[in-house]
Amino acid sequence: MGTANDSSKDISDRLAEKHPKVVFVLGGPGSGKGTQCEKIVQHFGYTHLSAGDLLRAEKNSGSENGIMIQNMMNEGKIVPSEVTIKLLQKAMLDSGNDKFLIDGFPRNEENRAAFEALTKIEPEFVLYFNCPEKEMERRILNRNQGREDDNIETIRKRFKVFLESSLPVIEYYKGKGKVREIDAAKPVEEVFKEVKDIFNPKVPKVPKDENVEGRCMCCAIL
Ligand code: UDP
Ligand code: MG
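Nothing here was measured: the structure is a model prediction, and the numbers come from that model. (Residues numbered from 1 in each chain as written. Chains lettered and ligands numbered in written order. Predicted model: local features only at pLDDT ≥ 70, side-chain atom pairs only at ≥ 80, totals over all residues. Heavy atoms only, no water.)

So, about the overall build of the protein chain. Helix and strand content of the protein chain: 10 helices and 5 strands. When the backbone C-alpha atoms are referred to their principal axes, the protein chain occupies close to 70 × 55 × 30 Å. Considering the protein chain as a whole, with its 222 residues, one finds that 42% of them fall into the buried category. Across the protein chain, every contact between residues at least 6 apart in sequence was considered, and the portion connecting residues at least 24 apart equals 76%. Summing over all exposed atoms, the protein chain offers an accessible surface of approximately 12,700 Å²; the carbon and sulfur share of this is 51%. (Helix = DSSP H or I, 4+ residues; strand = E, 2+ residues; numbered from the N terminus. Buried < 20%, exposed > 50% of the residue type's maximum accessible area, 1.4 Å probe, protein only. Contact = heavy atoms within 4.5 Å. Areas by Shrake-Rupley, 256 points an atom, 1.4 Å probe, with all protein chains shown as cover.)

The relation between two aromatic rings is expressed through the spacing of the ring centres and the mutual angle of the planes. Within this structure, the stated rule accounts for 8 aromatic pairs. Both rings, one in Tyr-46 and one in Phe-199, keep their centres 5.3 Å apart while their planes meet at 80°; by these two values the pair is edge-to-face. Residue Tyr-46 is found in the loop between helix H2 (33-44) and strand S2 (47-50), and its partner Phe-199 is found in helix H9 (residues 188-199); the two are separated by 153 residues along the sequence. By the ring-pair criterion, three or more aromatic residues cluster together here, those being Phe-24, Phe-105, Phe-115, Tyr-172 and Tyr-173. Taking the ring centre of Phe-192 as reference, the NZ or CZ of Lys-39 above it sits at 5.4 Å. If you follow Arg-112 out to its NZ or CZ, it ends over the ring of Tyr-172, 3.6 Å from the centre. (Phe/Tyr/Trp six-rings, centres within 6.5 Å; stacked < 30°, edge-to-face > 60°. Lys NZ or Arg CZ within 6 Å of the ring centre and 35° of its normal.)

As a packed pair, H2 and H9 sit with axes 10 Å apart at the nearest point and diverge in direction by 50°. Judged by the inter-axis angle, H2 sits oblique to H9. The handedness of the crossing between H2 and H9 comes out as right-handed. Contacts from Thr-35, Gln-36, Lys-39, Ile-40, His-43 and Phe-44 of H2 reach H9 at Val-188, Glu-189, Val-191, Phe-192, Val-195, Lys-196 and Phe-199. In terms of residue class, the contact of H2 with H9 is made up of 7 nonpolar, 3 polar and 3 charged. (Axes fitted to C-alpha atoms, helices over the stretch in contact; angles between N-to-C directions. Parallel < 35°, antiparallel > 145°, perpendicular 65-115°, else oblique. Left-handed = near helix turned anticlockwise from the far one by under 90°. Nonpolar A, V, L, I, M, F, W, Y, C, P; charged D, E, K, R; others polar.)

Helix length check: H2 (12 residues) gives 16 Å between terminal C-alpha atoms against 16 Å at 1.5 Å per residue, within 8%. Buried within H2 we find Lys-33, Gln-36, Cys-37, Lys-39, Ile-40 and Phe-44. For H2, the buried positions fall inside an angular range of 165° around the axis, keeping them on one side. Exposed side of H2, more than 90 degrees from the buried face: Glu-38 and Gln-42 are the residues found there. After H2 finishes, the residue Gly-45 shows a positive phi value of roughly 70°. (Expected span 1.5 Å × (residues − 1). Arc of directions from axis to C-beta.)

Judged by nonpolar contacts, the single largest core of 25 residues is most densely connected at Val-22, Phe-24, Met-92, Ile-102, Phe-105 and Phe-115. Contributing elements (two or more residues each) for this core: helix H1 (4-17), strand S1 (21-27), helix H5 (81-95), strand S3 (99-103), helix H6 (109-119), strand S4 (125-130) and helix H8 (152-175). The biggest single contributor to this core is H5, with 5 residues. Val-23, Ile-182, Val-191 and Val-195 belong to the second largest nonpolar core, which has 21 residues in total. (Core = buried A, V, L, I, M, F, W, Y, C linked by side-chain atoms within 4.5 Å.)

This part covers the UniProt feature "binding site: ATP" (unreviewed entry) in the protein chain. Under the feature "binding site: ATP" (unreviewed entry), the UniProt entry names Gly-30, Ser-31, Gly-32, Lys-33, Gly-34, Thr-35, Arg-143 and Lys-186. Locating Ser-31 in the fold gives a position in the loop between S1 and H2. A polar atom in the side chain of Ser-31 sits 2.7 Å from the backbone oxygen of Gly-28. Position of Gly-34 relative to the elements: it lies in helix H2. Using a relative accessible area of 29% as the deciding quantity, one classes Gly-34 as partly exposed. The contact partners of Gly-34, leaving out residues within four places of it in the chain, are His-48 and Asp-103. (UniProt positions renumbered as here; feature names shortened; annotations may be inferred. Polar contact = N/O pair within 3.5 Å; in protein donor to acceptor, adjacent residues only side chain to side chain.)

The sites that carry the UniProt feature "binding site: CMP" (unreviewed entry) are, in the present numbering, Asn-111. Considering the arrangement of structural elements, one finds Asn-111 in helix H6. Ignoring anything within four residues of it in the chain, the contact list for Asn-111 reads Ile-78, Val-79, Ser-81, Ile-85, Phe-105 and Pro-106. Here the side chain of Asn-111 touches Ser-81 through a polar contact of 2.9 Å, side chain to side chain.

Shown next, in the form of structure tokens:
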């Protein structure tokens, strides 16, 4: 009979076999992660997995973790890694795709280390939506998505958690040269222009036979 550990190893192994390509999408609450992810999905064929949305669905499904998730979210606190990672792994396997935008995760160093240890997946890069707090606050208070945590008291707690716990994750990946930072205070379409350039890097076209200087020595000699 399998134990809980066996099954989590099993799901990790099955996922690793697919060699999934992962982009972490990070930024404060209201920085535009969800909006931009939808546009990336349309243009570049990724599957969008919002950790917050997966946790909300888990809470609403009446699972045994439901009350705990609800309490953590209402306080703007970070749900234990193993809960979120299991949901992400299941969603990745169920999708059938091999390219993922993981939005709103990892939210702290523990999330990051646990994800790496369990899945052995390294992100291709981290898309970081940098936005001033005043603008994020304005957007959240205007968006009216019926979220219990979109009230000023919880928003302030979420900002604090972002600064204290999530920014260090971004710093960690900066140290690895993996952060692609976007000025997220601009209007949606302008932000998406920058995003597109990151997913679709413009490679300068060099006419054939005229780029000898640009070649490495062995090619130039040949
Ligand atoms: N959350 C969490 N772990 C995650 C993602 C979300 O614990 O990996 C919880 C946390 O309480 C957070 C809330 O879910 O404040 C809402 O997250 P979401 O990403 O939906 O909102 P955002 O902060 O991006 O607006
Ligand atoms: Mg979101």
